[in-house]
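Survey of secondary and tertiary structure
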Amino acid sequence: MSESFTTIIDVRQIPPYERHSLIFRRFNGLHPGEALQLVNDHDPRPLHNQFQVLSAGNFTWDYLESGPGVWRVRIGKPGAAVAAPAAANGNCCSGGSCG
């Protein structure tokens, strides 16, 4: 079963100077748990490095196809983090009035 993507961006026909800003705009528009698929004619390693700098820990990066003619990468936003139970962070009661 194939995954459906919120957005598929095929940058092979987009001028290089427009690519990264377009990808980041589309990525920023994703909701937690959603992903886009990037299609490129070369390994987008420089884009990955830029994601590590600008969105460290807030993205996933999975190669779906690795050349030699086409690279496909799933770039996702992790799902919403689960909040820790109040007792786990030392506040077992609202206002900390436990005794």
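For the structure, see preceding data.
Description of the structure in this document. The model shown is predicted, which means the values in this text are computed figures rather than measured ones.

In this structure, L38, L47, F51 and I75 are the most contacted members of the largest nonpolar core, which totals 16 residues. Of all the secondary-structure elements, those providing two or more residues to this core are α1 (16-28), β2 (35-40), α2 (45-54) and β4 (71-76). For this core, the element with the most residues is α1, which contributes 4 residues.

Attention now goes to the sheet that holds β2. If you trace the 4 strands from one edge of the open sheet to the other, you get β1-β2-β4-β3, paired in mixed fashion. Each having just a single partner strand, β1 (7-10) and β3 (60-66) make up the two edges of the open sheet. Taken pair by pair, the neighbouring strands of this sheet meet at an average axis angle of 20 degrees, ignoring direction. Sheet analysis places β3 next to β4, joined by 6 bridges and oriented antiparallel. Along β4, the bridge assignment pairs Y63 with V73. The strands that α1 touches are β1, β2 and β4; relative to β2, the one it contacts most, it runs at about 160 degrees.

Take the side chain of K77 next. Mapping K77 onto the fold places it in the segment after β4. At 7.6 Å, E34 is the nearest oppositely charged side chain to K77, a buried residue that forms no salt bridge. Among the polar contacts made by the side chain of K77, one reaches the main-chain carbonyl oxygen of L30 at a distance of 3.0 Å. Not counting the four nearest positions on each side in its chain, K77 is found in contact with F27, N28, L30, H31, P32, G33, E34 and N58.

Take H48: it is sitting in helix α2. Beyond its immediate chain neighbours, meaning those up to four positions away, H48 contacts F59 and W61.

Cut-off values and rules
Residues numbered from 1 in each chain as written. Predicted model: local features only at pLDDT ≥ 70, side-chain atom pairs only at ≥ 80, totals over all residues. Heavy atoms only, no water. Core = buried A, V, L, I, M, F, W, Y, C linked by side-chain atoms within 4.5 Å. Buried < 20%, exposed > 50% of the residue type's maximum accessible area, 1.4 Å probe, protein only. Helix = DSSP H or I, 4+ residues; strand = E, 2+ residues; numbered from the N terminus. Pairing = 2+ DSSP bridges. Axes fitted to C-alpha atoms, helices over the stretch in contact; angles between N-to-C directions. Contact = heavy atoms within 4.5 Å. Lys, Arg positive; Asp, Glu negative; His and termini not counted. Salt bridge = Lys/Arg side-chain N within 4 Å of Asp/Glu carboxyl O. Polar contact = N/O pair within 3.5 Å; in protein donor to acceptor, adjacent residues only side chain to side chain.

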